[in-house]
Amino acid sequence: MAVKQTAGRAALGEFAPKFAQLNDDVLFGEVWSREDKLSLRDRSLVTVVALMAQGLVDSSFQYHLTTAKHNGITRQEIAEILTHAAFYAGWPKAWAAFRMAKEVWAEDDGEDGKAMHQREMVFPIGAPNDGFARYFVGQSYLQPLSTSQVGVYNVTFEPGCRNNWHIHHAAKGGGQILVCVAGRGYYQEWGREARELHPGDVVNIPPEVKHWHGAAPDSWFSHLALEVPGEDCSNEWLEAVTDEVYGKLS
Ligand code: MN
């Protein structure tokens, strides 16, 4: 998708029409727009560092910081980027850049964990999981992704949230597959050690095995839950995972 830029023509269209056209149509319209070659986020990162390295802290730098934020660079990331670049570009330049970056990301001071978690994940967090809330400790969220053929649901757990011990029953086939997509969590079968889960991990849960899954105490967590087709499938919800059991997780 082409990046639409009109700043060149707006500021210099009369005075320097060629410069304005190169700025709007070539730099932004062609180079910035090659998203298939390099993401907008990465282009922002390169641009911010390049401007900072020259000691530019004018309105164009502010524009590029704002764009970088819009392109997904977080408050924590810009702090890390400028700190890193400071060693190569010069300490005073980082000081100057930080003054402006602090303003641009100011309203993100109170950004909540849920919003940060969502930005790490392509699937929506979805709505509060009220229908199953009585089978969970803490707040969970549910987003159906597929409700025909094979049911696929994105389940998100706030830090400390986990579902109760439960069993996926089936006369034949059945069970559940978890595909971890964001954050950090745990899966535990009754009588066994808990397994720590990270994005990309897959858990095959056979039918008739008592287990729970949920977030780590200090991290949001999302997994896709896939219902494995079978005969006479049902879920049996059991007791909550106690703080004693959950508290043993590192
Ligand atoms: Mn399960």
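Residues numbered from 1 in each chain as written. Predicted model: local features only at pLDDT ≥ 70, side-chain atom pairs only at ≥ 80, totals over all residues. Heavy atoms only, no water.

1. Regarding the packing of aromatic side chains
- Summed over the entire model, instances satisfying the criterion amount to twelve aromatic pairs.
- Aromatic pair Phe-132 and Tyr-135: ring centres 6.3 Å apart, planes at 55°, arrangement tilted.
- Accessibility expressed as a relative area gives 36% for Phe-132, which makes it partly exposed.
- Joined through ring pairs, the aromatic side chains of Phe-132, Tyr-135, Phe-136, Phe-157, Phe-221 and Trp-237 make up one cluster.
- Its end group placed over the ring of Trp-165, Lys-210 keeps NZ or CZ at 5.8 Å from the ring centre.
- The residue whose ring lies beneath Lys-210 is Trp-190, and the NZ or CZ to ring-centre distance is 3.6 Å. (Phe/Tyr/Trp six-rings, centres within 6.5 Å; stacked < 30°, edge-to-face > 60°. Buried < 20%, exposed > 50% of the residue type's maximum accessible area, 1.4 Å probe, protein only. Lys NZ or Arg CZ within 6 Å of the ring centre and 35° of its normal.)

2. Considerations on the coordination of the manganese ion
- Those donors, His-166 (NE2), His-168 (NE2), Gln-176 (OE1), His-211 (NE2) and His-213 (NE2), are the protein atoms that reach the manganese ion, and they lie 2.1 to 2.2 Å from it.
- Counting residues between consecutive donors of the manganese ion along the chain gives the motif H-x1-H-x7-Q-x34-H-x1-H.
- Residue His-166 is classed as buried on the basis of its relative accessible area of 1%. (Donors = N, O, S within 2.8 Å, 3.2 Å for Na, K, Ca; no water.)

3. Description of helix α2 (residues 17–32)
- In the structure, α2 departs most strongly from a straight axis at Asn-23, where the bend amounts to approximately 25°.
- Of all the positions in α2, only Ala-20, Asn-23, Asp-24, Phe-28 and Trp-32 are classed as buried.
- Looking at the packing, one finds that the buried side of α2 touches α1 (7–12), α3 (40–53) and α4 (59–70). (Bend = angle between axes of the 7 residues up to and from the residue. Helix = DSSP H or I, 4+ residues; strand = E, 2+ residues; numbered from the N terminus. Contact = heavy atoms within 4.5 Å.)

4. Regarding the nonpolar core
- Counting residues in hydrophobic clusters, the biggest one holds 19 residues, and the most contacted among them are Val-48, Met-52, Phe-61, Leu-65, Ile-78, Leu-82 and Trp-105.
- The set of elements that each furnish at least two residues to this core consists of α3, α4, α5 (75–89) and α6 (91–104).
- Residue contributions to this core peak at six residues, all from α5.
- Tyr-135, Val-155, Leu-197 and Phe-221 belong to the second-largest nonpolar core, a separate cluster that totals 14 residues. (Core = buried A, V, L, I, M, F, W, Y, C linked by side-chain atoms within 4.5 Å.)

5. Remarks on the pairing of strand β9 (residues 185–189)
- The buried count for β9 comes to five of five residues, which makes it a mostly enclosed element.
- Residues Gly-185, Tyr-187 and Glu-189 of β9 are buried on one face, and the alternating residues Tyr-186 and Gln-188, pointing to the opposite face, are buried as well.
- By the bridge criterion, three bridges tie β9 to strand β10 (residues 195–197) in an arrangement that is antiparallel. Looking at the pairing, Tyr-187 lines up with Arg-195 of β10.
- As consecutive antiparallel partners, β9 and β10 are separated by five residues, and within that stretch Gly-191 has a phi angle of approximately 80°, a positive value.
- Pairing geometry for β9 and strand β12 (residues 211–215), over five bridges, is antiparallel. Residue pairing for β12: Tyr-187 is matched across the bridge by His-213. (Pairing = 2+ DSSP bridges.)

6. Concerning the domain arrangement of the chain
- Assigned domains within the chain: domain 1 (7–110) and domain 2 (122–247).
- Spacing between the C-alpha centres of domain 1 and domain 2 amounts to 41 Å. (Domains from an automatic or database assignment.)

7. Structural notes on the packing of α4 against α6
- Packing of α4 against α6 leaves a shortest axis separation of 10 Å and a crossing angle of 50°. For the element pair α4 / α6, the angle class is oblique. In this structure, α4 crosses over α6, and the sense of that crossing is right-handed. Residue-level inspection shows Phe-61, Gln-62, Leu-65, Thr-66 and Lys-69 of α4 in contact with α6, the latter providing Ala-97, Met-100, Ala-101, Glu-103 and Val-104.
- Of the residues that constitute the contact of α4 with α6, the class distribution is six nonpolar, two polar and two charged. (Axes fitted to C-alpha atoms, helices over the stretch in contact; angles between N-to-C directions. Parallel < 35°, antiparallel > 145°, perpendicular 65-115°, else oblique. Left-handed = near helix turned anticlockwise from the far one by under 90°. Nonpolar A, V, L, I, M, F, W, Y, C, P; charged D, E, K, R; others polar.)

8. Description of α5
- Given a rise of 1.5 Å per residue, 15 residues ought to cover 21 Å, and the 20 Å separating the end C-alpha atoms of α5 matches this to within 8%.
- For α5, the set of buried residues is Ile-78, Ile-81, Leu-82, Ala-85, Ala-86 and Ala-89. The buried residues of α5 occupy one face: seen down the axis, they fall within an arc of 145°. Among the exposed residues of α5, those oriented more than 90 degrees off its buried face are Glu-80, His-84 and Phe-87.
- Check the buried side of α5 and you find it contacts α3, α4 and α6. (Expected span 1.5 Å × (residues − 1). Arc of directions from axis to C-beta.)

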